[in-house]
Protein chains: 2
Amino acid sequence: MRSGGTMELLGAWYALLCCLFLAVAQAKTVHEKWDISDQFAYPDCVRKLAVTINGHTPGPTIRAVQGDTVVVTVKNSLLTENVAIHWHGIRQIGTPWADGTEGVTQCPILPGDTFVYTFVVDRPGTYMYHAHYGMQRSAGLNGMIIVSVPPGAGPDVAEPFAYDGEHDVLLNDWWHKSTYEQAAGLAAVPIVWVGEPQSLLINGRGRFVNCSALGLASCNETHPECSTPVFAVVPGKTYRFRIGSMTSLSALNFEIEGHPMTVVETDGHYVKPFVVKNLNIYSGETYSVLITADQDPNRNYWLASNVVSRKPGTLTGTAVLAYYGGHSSPRDVPPTTPPTGPAWNDTTYRINQSIATVAHPAHVYAPPPSSDRTILLLNSQNRIDGRTKWAINNVSFTLPHTPYLVALKDRLQGTFDPRPPPETYNHTAYDVYGVQPNPNATSSNGLYRLAFGSVVDVVLQNANMLAPNNSETHPWHLHGHDFWVLGYGVGRFDPAVHPATYNLRDPILKNTVAVHPYGWTALRWRADNPGVWAFHCHIEAHFFMGMGIVFEEGIERVGKLPREIMGCGSSNGGHH
Amino acid sequence: MRSGGTMELLGAWYALLCCLFLAVAQAKTVHEKWDISDQFAYPDCVRKLAVTINGHTPGPTIRAVQGDTVVVTVKNSLLTENVAIHWHGIRQIGTPWADGTEGVTQCPILPGDTFVYTFVVDRPGTYMYHAHYGMQRSAGLNGMIIVSVPPGAGPDVAEPFAYDGEHDVLLNDWWHKSTYEQAAGLAAVPIVWVGEPQSLLINGRGRFVNCSALGLASCNETHPECSTPVFAVVPGKTYRFRIGSMTSLSALNFEIEGHPMTVVETDGHYVKPFVVKNLNIYSGETYSVLITADQDPNRNYWLASNVVSRKPGTLTGTAVLAYYGGHSSPRDVPPTTPPTGPAWNDTTYRINQSIATVAHPAHVYAPPPSSDRTILLLNSQNRIDGRTKWAINNVSFTLPHTPYLVALKDRLQGTFDPRPPPETYNHTAYDVYGVQPNPNATSSNGLYRLAFGSVVDVVLQNANMLAPNNSETHPWHLHGHDFWVLGYGVGRFDPAVHPATYNLRDPILKNTVAVHPYGWTALRWRADNPGVWAFHCHIEAHFFMGMGIVFEEGIERVGKLPREIMGCGSSNGGHH
């Protein structure tokens, strides 16, 4: 274990040398050519129009090796709808214009236009990609990015665990109503809430429980797109399951029946191994777990995805773990009922997993011992003009129509609110367990500007919603960075007390973290990646309703912006 | 009646002086402020997401006086979808960038952006507006433009008919499937056709026949948005009904039970009056008719809209004509069944109306006696890569992603196919009654370039579709111009024979004209409006499938283009 600034610096140098070596010796370019279009899909056997990549949802898995340059050529073949794609977990060091966040780092890609995303995958691990525009992610535009360790990698990079095979699992939730309808409902007065998902998907496949019973004309239970996913294992072997969650709403619990999981990686960072019966996973998170195929090989086993944190209204999402070489066939339905996961409202169960997730002893990157600035962020549900909104310190976020990156770098005036959002809230008196007495909020597209190289602490404070006795889990995702997760607590965060409880010894680095009901989560990072970075709840409806903020750092160090990210708002100057 | 070039010139001068007078004396500016958003609507009592203006579909009626400048400030509040709005029938003399045709005259307006359309309404008459992007028109974005005669207008402008009151009627057809689904179906292999409309709308209101019977959760038969439109009349008075059709697909027949209609205007031009029991009207057309309220005032009467030209699969669209002062109430349902219109497949009945539509004797603008160029355009249904398409001379039109107007005026290279599309087809041998032996076509975004000031004849030739014994009606709409309708015929047009049959005496000027099944329609206009102008079938699906062409004329005379129409394709140069 290293600690302190000097070792951190050495670590950074080592990583840099590592990269340079890779660049010379092995780094290659991975080309992807994507065509984005609306296509009819049957993820849960019910026909629905989906936003697809090359005709499919989820899209293809991007496979690369650490140090590779990934070049994704995105042609927008939608009819009237723009698109932008975010590479979730990739920090975009030196390429902030490739982060794919509409309104933050780029203008949307227009129908008929082609945009090329070029970025380096500088760390091995399990990542994802998805549309970052409107609610397109939930319309089907998402997938996985898997970055492997280069052959012969040094101890700083090589995986501190071994396995014989690998399976990839992308979890999702799915509605039959279009995202356009969902969004119109969210913006309506009063709000029209789409309700719980119709299905939970594993690798884009599920089964709507009422499909044939309802006599839906759009139901086709034999459609290959909703056939049950099968994960094959050889008895006695150990498998790495890379698991990511792209849910729109749901917090999930994932279980492989009869096979305890050893958690070894999350968001591209190695975890001090711990064993769970099942894994809580929030939207925007990834995990790697190891299982050993040591059960009776003459039957199959369930993979199960269950809703937690919200009262479930959706059937367990299932897939099959199939043993080779026994008496069962990969098509055999397991003889049991699928696992139903822990009690949906057992918050403590889930907090315990959060707390157990710390850095692997051989891969600790110690955080700076103190911060230069602390920002307290109250997450609350509010109202603006009768609309239901989410707000941070009573400010509900709206995206500007000129991307911040362009506006700030090229000094375009009047494109966003120049007043910075509040650094804190009334943290000495606010009753996080009560309904906010005055739920009216304001909206703003102002942003936080961080001194380049400074260390920032952010404490996310959860609270009660507009309805009494209700607080949800919010998975917050930071672009452009990983953050150290310094601590979790229940109730109101006290800046005079709780920082003393922070884990500065072996905190995990992550890009997405849960803020548990009525709880707080404390994060730290160094603002050393020039660019403009979104930080927001990864629940699609929550970000749509204002639950996010944006950070700028080192804008003056950003290189010349590509013309292709411009063309909207004040960044449309026509051609030259 | 005037005739010949000299009188035409004098007429033009007279019109110019007229305009100048108006500009000094009366012309004003009409401001409209529109917010475009997705909203739930109940046009036929079934809830459906619609693209709305200020929350409504249809949008507000624009009312102006000849010579006024109309300024429409359009804010796009859609989440991920762009928009562009066309002012159907307004020639945009001097303002070709305000025509609102995505890909032709402008880049689409991005979400969050505001675009200002400024144009002069230089002729009185009945016009419409609608989205001209993807299939957004059919998603609800449409409405009427009514341009009145200025008080004290001279005989060249004053209406050659009198009336006591006016009613406006916008006809439409309506589907429950979204336009996204419809478009995805059209592009699928094999084609997935949406089928006949669920409802016919009058002023945005209709009634889905199976609404409550089907037990649809989305059905609300008491929703005010689907209450029956009522048109009130005072006994003995004469009313002008301004009727426009915005149908996506349907050719319609409109009837006011018991009240013969005198046709007096179409597409902004005065018609030699003729009386019909009911009026055939095609998508993109407008008519004014006069009726006299001379029937029994103690009951109400139906307004009825029926499908013609296609085998109907949709209930008659209805509204109520209510007499004031009798014993009936405006809410009384007429005691009869609604008129069902003429036989849907009586093509002769419809051709006869077309032929009867000629210029009012006091408002004849004689066409040039001959043309400088004749273009023969075969309309055929074809296949490209297994997809069903429509093609013109076997070329299926695709829109470029850099607007022609910008590409041509500012000489941006490589933005469209420089090869002009064919001027003709094998008109001596083609069997318009047979299935095309080789239905494979090509696609292109090439355009026709017209010598400025030249006179062009265009003959639209209809033919059989991919299926035998089937030919549809295609209403073709020209942007930037009115054309003289010189003649209609059945069967194959023979350029050696049929021009001798042209009506050069009193042809009507129109902007939209029907090409009847297996027939041809001959048009003439002078290419004297600098700009780039679309000419296409006004059936939304047909234009989507390639049934259109584009003309350029006098591009060098177009003034400096506004920056706001740029930002897409090669016209995105970022900001300056």
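Residues numbered from 1 in each chain as written. Chains lettered and ligands numbered in written order. Predicted model: local features only at pLDDT ≥ 70, side-chain atom pairs only at ≥ 80, totals over all residues. Heavy atoms only, no water.

Looking up chain A in an unreviewed UniProt entry gives the name L-ascorbate oxidase, with the organism given as Lolium multiflorum. According to UniProt, the comment filed for chain A under the heading Subunit (unreviewed entry) is "Dimer." Regarding chain A, the relevant UniProt record gives this comment under Sequence similarities (unreviewed entry): "Belongs to the multicopper oxidase family." (UniProt positions renumbered as here; feature names shortened; annotations may be inferred.)

It is worth spelling out the overall build of chain A at this point. Within chain A, the secondary structure is distributed over five helices and 32 strands. Counting only C-alpha atoms, chain A reaches 70 × 55 × 55 Å along its principal axes. The buried share of chain A, taken over its 576 residues, is 62%. Considering only contacts in chain A between residues 6 or more positions apart, those separated by 24 or more positions represent 80%. Summed over all atoms, the accessible surface of chain A reaches about 20400 Å², with 55% contributed by carbon and sulfur. (Helix = DSSP H or I, 4+ residues; strand = E, 2+ residues; numbered from the N terminus. Buried < 20%, exposed > 50% of the residue type's maximum accessible area, 1.4 Å probe, protein only. Contact = heavy atoms within 4.5 Å. Areas by Shrake-Rupley, 256 points an atom, 1.4 Å probe, with all protein chains shown as cover.)

Residue and element names in this part refer to chain A. If you check the domain split of chain A, you get domain 1 (4-148), domain 2 (165-362) and domain 3 (366-571). For domain 1 and domain 2, the distance between their C-alpha centres works out to 23 Å. Each partner contributes to the roughly 3100 Å² buried at the junction of domain 1 and domain 2, and carbon and sulfur atoms together form 60% of this total. On the surface where domain 1 and domain 2 come into contact, there are one salt bridge. Between R63 and D168 there is a salt bridge, with the nearest N and O atoms lying 2.9 Å from each other. Seen at the junction of domain 1 and domain 2, the total is 22 residue pairs in polar contact (both at pLDDT 80 or more). (Domains from an automatic or database assignment. Buried area = accessible area lost by both parts, 1.4 Å probe. Salt bridge = Lys/Arg side-chain N within 4 Å of Asp/Glu carboxyl O. Polar contact = N/O pair within 3.5 Å; in protein donor to acceptor, adjacent residues only side chain to side chain.)

With 41 residues of chain A in contact, the opposing surface of chain B contributes 41 residues. Carbon and sulfur atoms make up 61% of the surface buried where chain A meets chain B, a total of about 3400 Å² over both sides. There are zero salt bridges connecting chain A and chain B. Applying the counting criterion to the chain A and chain B interface returns 17 residue pairs in polar contact (both at pLDDT 80 or more). At the level of secondary structure, the elements contributing two or more residues to the side of chain A that touches chain B comprise β1 (29-41) and α2 (179-186) of chain A. Of all the elements, α2(A) adds the most residues to the side of chain A that touches chain B, at five residues. The residue makeup of the side of chain A that touches chain B, split by class, is 16 nonpolar, 16 polar and nine charged. (Nonpolar A, V, L, I, M, F, W, Y, C, P; charged D, E, K, R; others polar.)

If you trace the four strands from one edge of the open sheet to the other, you get β2-β1-β4-β6 (chain B), paired in mixed fashion. Edge positions in the sheet fall to β2 (48-53) and β6 (114-120) of chain B, since each of these pairs with one other strand and no more. Across the sheet, the mean angle separating the axes of adjacent strands is 20 degrees when strand polarity is ignored. With seven bridges connecting them, strand β4 (residues 69-76) of chain B and β6(B) associate as antiparallel partners. Bridge pairing in β6(B) links T69(B) to V120(B). Across the sheet, α2(A) is in contact with β1 (29-41) and β2 of chain B; its angle to β1(B) comes to roughly 110 degrees. (Pairing = 2+ DSSP bridges. Axes fitted to C-alpha atoms, helices over the stretch in contact; angles between N-to-C directions.)

It is worth spelling out the sheet that holds strand β11 (residues 230-233) of chain B at this point. All names here are of chain B. Read from one edge to the other, the open sheet built from five strands follows the order β11-β19-β18-β13-β16, with strand pairing classed as mixed. Edge strands, defined here as strands with exactly one partner in the open sheet, are β11 and β16 (278-281). Averaged over all pairs of adjacent strands, the angle between their axes in this sheet comes to 20 degrees, without regard to strand direction. Pairing geometry for β11 and strand β19 (residues 317-323), over four bridges, is parallel. By the bridge assignment, F231 is partnered in β19 with L321. Across the face of the sheet, helix α3 (residues 347-356) comes into contact with β13 (251-256), β16 and β18 (301-308) while running at roughly 90 degrees to β16.

Quick look at the pattern of salt bridges now. Residue and element names in this part refer to chain A. Per the stated rule, a full pass over the model turns up 44 salt bridges over all chains. Ionic pairing is found between R524 and D457, a salt bridge with its closest N-O pair at 2.6 Å. Taken as a pair, R524 in strand β30 (residues 519-526) and D457 in strand β25 (residues 455-461) lie far apart in primary sequence, 67 residues in all. Salt bridges linked by common partners bring E159, E166, R240, R242 and E265 together as one network.

This part covers the state of the cysteines. Residues and elements named next belong to chain A. The full count for this structure, using the stated rule, is six disulfides over all chains. Across the disulfide, C45 is cross-linked to C226 (sulfur-sulfur distance 2.0 Å). The disulfide joining C45 to C226 has a torsion of about 100 degrees about its S-S bond and is therefore right-handed. Separated by 181 residues along the polypeptide, C45 in the loop between β1 and β2 (48-53) and C226 in the loop between β10 (199-202) and β11 (230-233) bring together distant segments of the chain. Disulfide connectivity for chain A, with bonded cysteines indexed by sequence position, reads 1-5, 2-6, 3-4. (Disulfide = S-S within 2.5 Å.)

Residue and element names in this part refer to chain B. Here α3 has its buried residues at R350, I351, Q353 and S354. Projected down its long axis, α3 shows its buried positions confined to an angular sector of 155 degrees, all on one face. Contacts from the buried residues of α3 go to β15 (269-276), β16, β17 (286-292), β18 and β27 (483-490). (Arc of directions from axis to C-beta.)

Moving on, we come to the pairing of β15(B). Consecutive side chains of a regular strand alternate in pointing toward one face of the sheet and then the other. Residues and elements named next belong to chain B. Sheet analysis places strand β14 (residues 261-266) next to β15, joined by five bridges and oriented antiparallel. Residue pairing for β15: T266 is matched across the bridge by H269. Taken together, β14 and the strand that follows it, β15, pair antiparallel across an intervening segment of two residues, in which D267 is found at a positive phi of about 50 degrees.

A few words on the packing of aromatic side chains. Aromatic rings in a pair are described by how distant their centres are and how their planes are angled relative to each other. Evaluation of the coordinates by the stated rule reveals 43 aromatic pairs over all chains. Ring centres of F493(A) and W520(A) lie 4.9 Å apart, and the angle between their planes is 75 degrees; on these two criteria the pair is classed as edge-to-face. Within this pair, whereas F493(A) is found in the loop between β27 (483-490) and β28 (509-510), its partner W520(A) is found in strand β30, the two being separated by 27 residues in sequence. Across the pair, W520(A) and F493(A) agree in class, each one buried. Taken together, a centroid distance of 6.0 Å and an interplanar angle of 85 degrees make the contact between Y425(B) and Y430(B) edge-to-face. For Y425(B), a relative accessible area of 11% corresponds to the buried category. The rings of W34(A), W87(A), F115(A), Y117(A), F119(A) and Y129(A) are connected pair by pair, giving a single aromatic cluster. Taking the ring centre of W174(A) as reference, the NZ or CZ of K48(A) above it sits at 4.3 Å. (Phe/Tyr/Trp six-rings, centres within 6.5 Å; stacked < 30°, edge-to-face > 60°. Lys NZ or Arg CZ within 6 Å of the ring centre and 35° of its normal.)

Before going further, it helps to spend a moment on the environment of R449(B). Residue and element names in this part refer to chain B. Tracing the backbone shows R449 in strand β24 (residues 448-450). We classify R449 as partly exposed; its relative accessible area is 43%. Sequence-wise, R449 and P421 are 28 residues apart; in three dimensions their C-alpha atoms are separated by 9.9 Å. Of note is the side chain of R449, whose polar atom sits 2.9 Å from the side chain of E552.

Residues and elements named next belong to chain A. The positions UniProt marks with the feature "domain: Plastocyanin-like" (unreviewed entry) are residues 41-149, 169-325 and 425-554. Structurally, residues 41-149 is divided into 0% helix and 40% strand, and its ends, taken at the C-alpha atoms, are 34 Å apart. Regarding residues 425-554, the helix share stands at 4% and the strand share at 41%, and the terminal C-alpha atoms are separated by 26 Å.

This paragraph deals with the side chain of E81(B). Looking at the secondary structure, you find E81(B) in the loop between β4 and β5 (85-88). Although E81(B) is buried, it forms no salt bridge, and the closest oppositely charged side chain is K48(B) at an N-O distance of 11 Å. One polar contact links E81(B) to T80(A), side chain to side chain, over a distance of 3.0 Å. Residues contacting E81(B), with those up to four places away along its chain left out, are T80(A), E81(A), N76(B), P111(B), Q136(B) and Y180(B). (Lys, Arg positive; Asp, Glu negative; His and termini not counted.)

To continue, consider the relation of the copies chain A and chain B. Turning chain A through 180 degrees and shifting it by 0.0 Å along the axis lays it on chain B, with an RMSD of 0.0 Å. The superposition of one copy onto the other is thereby described by a two-fold rotation axis. Most of the interface of chain A is mirrored in chain B, where 100% of its interface residues again form contacts. (Least-squares fit on C-alpha atoms with pLDDT ≥ 70 in both.)

So, on to the pairing of β30(A). Residues and elements named next belong to chain A. For β30, a buried count of seven out of eight residues is recorded, marking the element as mostly surrounded by other parts of the structure. Pairing of β25 with β30 involves seven bridges; the strand directions are antiparallel. What sits directly across from V458, in β30, is L523. Bridge analysis of β27 against β30 gives six bridges, and the strand direction is antiparallel. By the bridge assignment, G489 is partnered in β30 with W520.

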